[in-house]
Structures are given as C-alpha cells and as structure tokens.
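These are the residues of each chain, in order.
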Amino acid sequence: MGRRKKEPKSTHREKIAAAASTLFMQKGITATSMDDIAKAAGYSKATLYVYFKNKEEIIGILVLDSMRKLYDSISSALVQKETTKTKYDFICRGLVQYQEAFPFYFKKG
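What comes next is a walk through the structure. A quick note: this is a predicted structure, and the numbers were derived from the prediction, not measured.

Criteria and thresholds
- Residues numbered from 1 in each chain as written.
- Predicted model: local features only at pLDDT ≥ 70, side-chain atom pairs only at ≥ 80, totals over all residues.
- Heavy atoms only, no water.
- Salt bridge = Lys/Arg side-chain N within 4 Å of Asp/Glu carboxyl O.
- Helix = DSSP H or I, 4+ residues; strand = E, 2+ residues; numbered from the N terminus.
- Buried < 20%, exposed > 50% of the residue type's maximum accessible area, 1.4 Å probe, protein only.
- Arc of directions from axis to C-beta.
- Core = buried A, V, L, I, M, F, W, Y, C linked by side-chain atoms within 4.5 Å.
- Contact = heavy atoms within 4.5 Å.
- Axes fitted to C-alpha atoms, helices over the stretch in contact; angles between N-to-C directions.
- Parallel < 35°, antiparallel > 145°, perpendicular 65-115°, else oblique.
- Left-handed = near helix turned anticlockwise from the far one by under 90°.
- Nonpolar A, V, L, I, M, F, W, Y, C, P; charged D, E, K, R; others polar.

## Remarks on the pattern of salt bridges
Move 1: Scanning all chains against the criterion turns up five salt bridges.
Move 2: Among the salt bridges present, the one from Glu57 reaches Arg13, with a minimum N-O distance of 3.8 Å. With Glu57 in helix H5 (residues 55-78) and Arg13 in helix H2 (residues 9-27), this pair connects stretches of sequence that are 44 residues apart.
Move 3: For Glu57, a relative accessible area of 26% gives the class partly exposed.
Move 4: A salt bridge links Asp35 to Lys45, with the shortest nitrogen-to-oxygen separation between them at 3.7 Å. You can see Asp35 sitting in helix H3 (residues 34-41) and its partner Lys45 sitting in helix H4 (residues 45-51), a full 10 residues away along the chain.
Move 5: Overall, Asp35 belongs to the partly exposed group, its relative accessible area being 43%.
Move 6: Owing to a relative accessible area of 37%, Lys45 belongs among the partly exposed residues under this scheme.

See below:
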C-alpha cells in the first residue's frame, strides 16, 4: 500500500488546501483551476475530487480557516488588560495582518 493511502484524509485535504492557497495568492482565485491545484499539490485531478467536491469547497475551507485566525487575533486583543485604545490598536493590527496574509480575499475579480 502506498504512503499516501496510509495518511489520514485530513493530511491530504490540508496539503491540497495549502497548494490552493499559494496558487490563489499567485494567480488569483478565478485564474486558478482544479488542474493547477492538483499539479501543485502532487495529486491527479481525479484524486483531488476524492477530497473536495469542487474549487468552491476548497475556497470555503480556506476562508473558514482564515476567519478562525482573525477571530483568534481579535479575541486575544480583547482579553488584554490594556486601555481601550491599546485594544483597538491591537485589533487594527490584526486586521492589517489578516489582509496581508490573505490578500486574494480583497482583490476584485
């Protein structure tokens, strides 16, 4: 049995999602095809569809993950024993870092 079959499904999904994220940043979401994602992740296109229904599902997973990171960043800013202004500054920095980490969510088209 091949190495890939022994790995948990989550490992494959994470690898595919990571490849898609990189491509989305480089080429944009619209310009990235499932073929591109499969090739970058080292899978066949048919295998990609074993782990994801379509590109929209991959995008959904990436958006959900990024929103969790944003939530964690904002939550940690709010629990700081700092002034309201300092908490606000932390939140603003978190939002800027989010935009820098996930720029393809902010591009038009």
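## Looking at H3
Move 1: Of all the residues in H3, the buried ones are Met34, Ile37, Ala38 and Ala41. Around the axis of H3, the buried residues are gathered within 100 degrees of arc, so they sit on the same side.
Move 2: The first or second residue beyond H3 is Gly42, which carries a positive phi of 85 degrees.

## Re the nonpolar core
Move 1: Counting 21 residues, the largest nonpolar core has Ile16, Ala20, Phe24, Ile37, Leu48, Ile58 and Leu62 as its most contacted members.
Move 2: Those elements giving two or more residues to this core turn out to be H2, H3, H4 and H5.
Move 3: Here this core takes six residues from H2, the largest share from any one element.
Move 4: Apart from residues lying up to four places away in sequence, Ala20 is in contact with Ile37, Ile58 and Leu62.

## Here we look at the packing of H5 against helix H6 (residues 84-101)
Move 1: Where H5 meets H6, the axes come as close as 8 Å, and the angle between the chain directions of the two elements is 165 degrees. Our classification of the angle between H5 and H6 gives roughly antiparallel. Note on packing geometry: the crossing formed by H5 with H6 is right-handed. In contact with Ser66, Met67, Leu70, Ser73, Ile74, Ala77 and Leu78 of H5, H6 contributes Lys87, Phe90, Ile91, Gly94, Leu95 and Tyr98.
Move 2: Its residues assigned to classes, the contact of H5 with H6 comprises nine nonpolar, three polar and one charged.

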